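# Overview (structure and organization)
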Amino acid sequence: MGSTLKGLDNIKHFHECLQAEKNEIEKSLSMASSEAPSKVKAAVQNVEHVTVEFEKLQTSATEVYNNIQKSIQENNENSEIQEVIDKIGQLDKCLSYLNFIKFIEDISDEIENSLLSADDESVITLYTNLSEISCQLQSSSCHHLVNYVRDTLHFWHNLIKEKLSKEYNDVLKSLKWPFCGTNANTVITSLPEIITRFKILTEYLLHLQLPDETIKPVVTSVLLTDFASVCLPVTLLVRPLRQRFIYHFTGSKLTNRQDKPEWFFTQVLTWIKDHVQWVQKYVQPVADSIGFNHIDVKAEFMRALVQLAVEKLHSELAIAQHDDALFAHLVDEALGFERELREALLYPSSQPATVFVLTQAHIFVKWINMEKKYATEKMDAILNSNTAWQILSGPDVNDIKETECANAFLTLLTTISDRYKHLPQPGHRLQFLELQLELIDDWRVRLLQLLHEDCVDPLASLMPCILNTLHYVANVLDEWGVTVHFLQLHFFKKQFEAVECATDEGKDVTEHIGEIEGTVFDEAVALLRRLEKELVNEISDSVALDVKAKSRSYRTDKWFAMQSAKEVASLSVTPSGCPMFQELGTRLHVLHEALTLPLFHQAWKQLACQFDQFLLEEVVLVNHFNIGGAEQLQYDIFRNLFPLFGLYISKPESFFPLIKEACVLLNILIGSAMLLLDALNTSDEVTAKEILADVGVHKISPDVAIKIIQSRTDVIYE
């Protein structure tokens, strides 16, 4: 009815709706009872049929249940039969277990018989079968059986290896292996049957190799964990060399000297060079022919010999780290050994060598501190050398003027790069890079100190030499920055910085890694360039002061009372300007001889800019000019000043826009000058600039142009 009493009027309508709905329902019920009686009847019959079927099934289920109970009661012996079956299965497994053991014992008996009959081929075949069985059993839960087979395999492995090793060593003696000592220069002409026997034994030894799954690693040193075991033939090939190495480089032998680590490094390199080709020629084909392509015999042979050097290096470092000289020499030789291995002998980069010994934490800290110490001492020696600032001879000596100091310092940086570029870890290389950047900055500071100690005339001091050195080093660092080595280091450095920022801020690393630009030397080069610019400014200012000091008589000359070109036979340079122009010419020549070309160009441009401003302010704007004075000034500028700079550049007048335009204003016809002065006085600034541009004046402002025109004695103005 709504929320108001006025809604009572709707009761009649509401009653009619309900009545209509009631009639509709009654009509529907009437249709169900009168119009569709067959559907109701069919549904009732279906329900009755289902009820009958259900009762039948229930009766049948009861009968089946009773039969089952009866059968169970009649056949209680089924459970006993199952127990028997389970026991039979267990006995069958035991029989299989025993048969497997018997099978292993039979193989062992066959191996023994083959050994007694010297049938090596059968021995190896049986051993290979036993090895495959052992590998297949590794996943079995029968641990005792696995251990039994493995122990049996190891037993026969040791026995067969002892026999074959003896034969292998005899064959090697026949081949005069190793090729050193008295055999070093012997021409090897082995009989074909010996080579054939060698290859057969090599094949047997390769098959005799224990599976990796059955080997229990024995770690004698943390350092040696990176050295994977080598195949048996290589082990036997290296054994006599190892014995020689131990003999010569341990104990009290004269060849075992702490101050001569190069002896054992050189010995290992020599052995590799003398034997690796022979190994590649006679052993690798055997491995390939039996499907052992994964074995790189050359790399394994080299690795086994390198391991000798690494063990020796490790033992020597423990003693040498307490003596700076011995330690530095040992590191030098270790790095030289690594470089020779990688570059000359093509030792794979994936294989360990001496560098990873030097990168142990305590050794690496000592190493990098020693690098810094010796680099600092070397830098002192470079700067204190009597010939430090001599120019090195070369095809481009006049263009680059490379000093001995610059060359020696860059050689020092290059040497450090060569020493650490083989380090596998980017973090280690970045520490050395930081050392190089620190040395560059220290070197820049030392050059500054030298400049402060030398307070004489800049051109007569060390300043030009230092400037050339700074410029050359900055250029070389720019070139180094885009090489692969330093670009990689720049990438790693940015990555490390991004990780540190992300860690400090607790954010995702990817948010801090953007597009990597620039080089690792950008900051260092920027500081060198800034110092370079300061020194160029200082030299330019010094030359400008010297020239200005010779200009007093020229600035105070009687420009208002000079003869015109019509009154003299020919114009010549103003006598009062000769000292100034002579000083300028001399200084330019000294600058050109002292500085490298790019620096000289910077210096004369600054000097030209200063002198242009000086002539305008100190000569033109403070004097009055008659026609002769204006012509004389123009002659001095165009026929004396410009040619002085023209010795070194083309179109020198473009670098003296102010004095050039001043000469234009001083020498235009009197009528034009009066009209120009009147136009400038009555025009706004924009219009005045356009008017000046029409007469070829672009740099001088309208106010200054008015002052220049008014300095003419022939111009009358109110």
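Residues numbered from 1 in each chain as written. Predicted model: local features only at pLDDT ≥ 70, side-chain atom pairs only at ≥ 80, totals over all residues. Heavy atoms only, no water.

This part takes up the overall build of the chain. For the chain, the helix and strand inventory stands at 27 helices and zero strands. The proportion of buried residues among the 718 residues of the chain is 39%. Nonlocal contacts in the chain, meaning residues at least 24 apart in sequence, comprise 75% of its contacts between residues at least 6 apart. (Helix = DSSP H or I, 4+ residues; strand = E, 2+ residues; numbered from the N terminus. Buried < 20%, exposed > 50% of the residue type's maximum accessible area, 1.4 Å probe, protein only. Contact = heavy atoms within 4.5 Å.)

Another aspect to go through is helix α5 (residues 143-174). Compared with the 46 Å implied by 1.5 Å per residue over 32 residues, the 45 Å span of α5 between its first and last C-alpha is a close match. Where α5 ends, the next residue or the one after it, K176, has phi of about 60°, a positive value. (Expected span 1.5 Å × (residues − 1).)

The end-to-end C-alpha distance of helix α23 (residues 627-646) is 27 Å, a good match for the 28 Å that 20 residues give at a rise of 1.5 Å each. Inspection of α23 places G628, G629, A630, Q632, L633, Y635, D636, I637, L641, F642, L644 and F645 among the buried residues, and these make up the whole buried set. On its buried face, α23 sits against α20 (552-555), α21 (578-594), α22 (597-620) and α24 (657-667). Put simply, N626 is the residue that caps the front of α23, since its side-chain oxygen is 3.3 Å from the backbone nitrogen of G628. (Polar contact = N/O pair within 3.5 Å; in protein donor to acceptor, adjacent residues only side chain to side chain.)

Quick look at the packing of aromatic side chains now. Tallied over the entire structure, the rule returns 34 aromatic pairs. Taking 5.0 Å as the distance between ring centres and 70° as the angle between the ring planes, the aromatic pair formed by F638 and F642 counts as edge-to-face. In this pair, F638 and F642 both sit in helix α23, four residues apart, roughly one turn of the helix. The ring of Y374 has K373 sitting right over it, with the charged end atom 5.6 Å from the ring centre. (Phe/Tyr/Trp six-rings, centres within 6.5 Å; stacked < 30°, edge-to-face > 60°. Lys NZ or Arg CZ within 6 Å of the ring centre and 35° of its normal.)

Looking now at the nonpolar core. In terms of nonpolar packing, the biggest core is built from 195 residues, with I160, F198, L341, W443, L633, L641 and F645 touching the most fellow members. Setting aside its immediate chain neighbours within four residues, L641 contacts F581, L584, F611, L615, D636 and F656. (Core = buried A, V, L, I, M, F, W, Y, C linked by side-chain atoms within 4.5 Å.)

Inspection of the entire model under this criterion finds 29 salt bridges. The closest approach of N and O atoms between R529 and D478, which form a salt bridge, is 3.1 Å. Taken as a pair, R529 in helix α19 (residues 522-549) and D478 in helix α17 (residues 463-481) lie far apart in primary sequence, 51 residues in all. Looking at D478, the relative accessible area reads 34%, which means it is partly exposed. Put simply, E583 and R587 hold a salt bridge, and the shortest N to O gap is 3.1 Å. Placement of both E583 and R587 in helix α21 is noted, with a separation of four residues, approximately one turn of the helix. Considered together, E583 and R587 belong to a single accessibility category, that of buried residues. (Salt bridge = Lys/Arg side-chain N within 4 Å of Asp/Glu carboxyl O.)

The subject of this paragraph is the environment of L208. Mapping L208 onto the fold places it in the loop between α6 (192-207) and α7 (232-249). C-alpha separation for the pair L208 and H157, spaced 51 residues apart in sequence, amounts to 6.8 Å. In this view, L208 contacts Y127, H157, I160, K161, L164 and L232; residues no more than four positions away in its chain are not counted.

Once that is clear, we can look at the environment of F249. On the secondary structure map, F249 appears in helix α7. Distance from F249 to W263, taken between C-alpha atoms, is 8.8 Å for residues 14 residues apart in sequence.

Packed helix pairs are specified by the crossing angle of their axes together with the interaxial distance, meaning the distance between the axes. Viewed as axis vectors pointing N to C, helix α8 (residues 261-282) and helix α11 (residues 324-344) meet at an angle of 10°, and their least axial separation amounts to 9 Å. Between α8 and α11, the angle is such that the two are roughly parallel. Contacts between α8 and α11 involve P261, E262, F265, V268, L269, I272 and K273 from the former and H329, L330, E333, A334, F337, E340 and L341 from the latter. (Axes fitted to C-alpha atoms, helices over the stretch in contact; angles between N-to-C directions. Parallel < 35°, antiparallel > 145°, perpendicular 65-115°, else oblique.)

This brings us to the side chain of E583. Exposure remark for E583: the relative accessible area of 17% places this residue in the buried category. When near neighbours in sequence (up to four residues on either side) are disregarded, E583 contacts D546, V547 and K550.

Right, let's talk about a nonpolar patch on the surface for a bit. A grouping of V64, I68 and I72 is seen on the molecular surface, where their side chains present a nonpolar patch of about 260 Å² in accessible area. Classification of V64 by relative accessible area gives partly exposed; the value is 43%. (Patch = residues over 30% accessible without salt bridge, like charges linked within 9 Å, V, L, I, M, F, W, Y side chains within 5 Å. Areas by Shrake-Rupley, 256 points an atom, 1.4 Å probe, with all protein chains shown as cover.)

Moving on, we come to the side chain of Q632. With respect to the helices and strands, the residue Q632 is situated in helix α23. For Q632, a relative accessible area of 9% gives the class buried. Side-chain polar atoms of Q632 contact the backbone oxygen of S572, separated by 2.6 Å. Leaving out residues up to four positions away in the same chain, Q632 has contacts with W559, M562, L571, S572, V573 and T574.

Moving on to unusual backbone geometry. When glycine is set aside, most residues are seen to have a negative phi, and most peptide bonds are trans. Put simply, W177 and P178 share a cis peptide bond, and its omega is 0°. Residue placement: P178 occurs in the loop between α5 and α6. At K176, a residue that is not glycine, the phi angle is positive and equals roughly 60°. In this structure, K176 sits in the loop between α5 and α6. Using a relative accessible area of 41% as the deciding quantity, one classes K176 as partly exposed. Even without glycine at this site, L346 takes up a positive phi of about 55°. In this fold, L346 is placed in the loop between α11 and α12 (355-358). You can call L346 exposed: its relative accessible area is 61%.

Let us now look at the confidence of the model for the chain. Per-residue confidence for the chain gives a mean pLDDT of 87; residues scoring 70 or more make up 90%. Confidence, expressed as mean pLDDT per element, reaches its minimum in the chain at helix α14 (residues 397-400) with 68 and its maximum at α24 with 95. (pLDDT = per-residue confidence, 0-100.)

Glancing now at the environment of H157. Along the polypeptide, H157 turns up in helix α5. Linking H157 and S131, residues 26 residues apart in sequence, is a C-alpha distance of 9.6 Å. The residues contacting H157, other than those within four sequence positions of it, are Y127, L208, L210 and L232.

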